[in-house]
Amino acid sequence: MAADGTATTTRPVKIIAGADDFGTPLKDALVSHLRSRNIEVEDLGTSSYYSAGAEVGRLVSSSSSSSAVDVRGLVACGTGAGVSIFANKFPGVFAATCLTPADAINARSINNSNVLAVSGKSTTPESAIEIVETWLKTPFKSPCPANDNKPWPEEIQSFLDNSLKEMPEIGKTGTVQDTCAVCCLVKNRELNPIDIIPGGSMKILRESPTSAFVRFKAGSVEPAHHHTFGHDLVVIEGKKSVWNLTKEERYDLTVGDYLFTPAGDVHRVKYYEDTEFFIKWDGHWDMFFDEDLETAKNAIEKELAK
């Protein structure tokens, strides 16, 4: 158990949290509680249950088990099931929906759960706090309700030890070829730099209607601009925000999210990670800037600081 009595790991814990609309009130209560316990929390906010689960799962999956910080996840939706399904699509993520402290003990003891999923519709903040505290305090292989709260037999402990090596390998692609034709196309296609926007590259796939794959490096900014055409896009990987200045609306997009921007609408974009998306429009490529890059960066900094 750690010095503060909240966790068994010798490493400090960092929690990455996300939720959909149904789970956000419960997630917010748990984030507040964890921060009051001086536990570091990265709150990704609110999105669809599949985007929230996937984003938390991806970040936990990409964290190193040998790092100085034990990175875990907290996800919430109406039932807790949806967010756990999508968090578990990433290798090394063991998300469990826990409705009781007993569920949390079992998930940690047997599955070494590193992502806790909770139900915004079925669980009160008080119960959820007890669940998350139990989840944090319970060590892997500890006595649990599934074993009548008795120590595991030696052969089961040996099995569980081996599972730590075998479970994270499930889901890794290794040398297996991706069978998705679109994904293979993206991986094998060379994109050309977008000279007018630093950090961007694009490859036109077809004309009329026109479609392209576009990539931007983390930290890149598209200054406010507009087109003579409307365009549809779907995020393939990464994370971005789009400010539609004409409509005075902001859209936070991650993997799988879709956005349509009408013709003539002025919009600026910020890329938080290396991001790739598929975009389609009807017409010839054009881009008319409404501000310079420095003005855009300053405006985004002010917006994100609110």
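Details of the structure are given in the entry above.
Parameters and conventions
Residues numbered from 1 in each chain as written. Predicted model: local features only at pLDDT ≥ 70, side-chain atom pairs only at ≥ 80, totals over all residues. Heavy atoms only, no water. Pairing = 2+ DSSP bridges. Helix = DSSP H or I, 4+ residues; strand = E, 2+ residues; numbered from the N terminus. Contact = heavy atoms within 4.5 Å. Axes fitted to C-alpha atoms, helices over the stretch in contact; angles between N-to-C directions. Disulfide = S-S within 2.5 Å. Buried < 20%, exposed > 50% of the residue type's maximum accessible area, 1.4 Å probe, protein only. Core = buried A, V, L, I, M, F, W, Y, C linked by side-chain atoms within 4.5 Å.

What follows concerns the sheet that holds strand β9 (residues 221-226). Ordered in space as β12-β11-β14-β9-β16, the five strands form an open sheet in which the pairing is antiparallel. Of all strands in the sheet, those with a lone pairing partner are β12 (249-254) and β16 (288-289), marking the two edges. As defined by bridge partners, β9 adjoins β16 across two bridges and the pair is classed as antiparallel. Each bridged residue has a counterpart across the sheet, and for His225 the counterpart in β16 is Phe289. Along the sheet face, helix α8 (residues 293-304) touches β9, β11 (239-244), β12 and β14 (267-271) and points at about 105 degrees away from the line of β9.

With that settled, the discussion passes to the state of the cysteines. For the structure shown, the criterion picks out zero disulfides. Here Cys98 stays unpaired: no disulfide links it, and the sulfur of Cys144, its closest cysteine neighbor, is 12 Å away. Classification of Cys98 as buried rests on a relative accessible area of 1%. A residue is classified by how much of its surface remains accessible, and Cys144, at 0% relative accessible area, is buried.

Attention now moves to the nonpolar core. Core analysis: the biggest nonpolar cluster contains 23 residues, and Ile15, Leu34, Leu74 and Leu116 have the highest contact counts within it. Taken together, the elements giving at least two residues each to this core come down to β1 (13-19), α1 (24-36), β3 (70-77), α4 (101-111), β5 (115-119) and α5 (125-137). Counting residues per element, this core draws most heavily on α5, which supplies five residues. Beyond its immediate chain neighbours, meaning those up to four positions away, Leu116 contacts Gly73, Leu74, Val75, Ala96, Cys98, Ile131, Val132 and Trp135. One finds Val242, Leu253, Tyr271 and Ile279 within the second-largest nonpolar core, a separate group that totals 18 residues.

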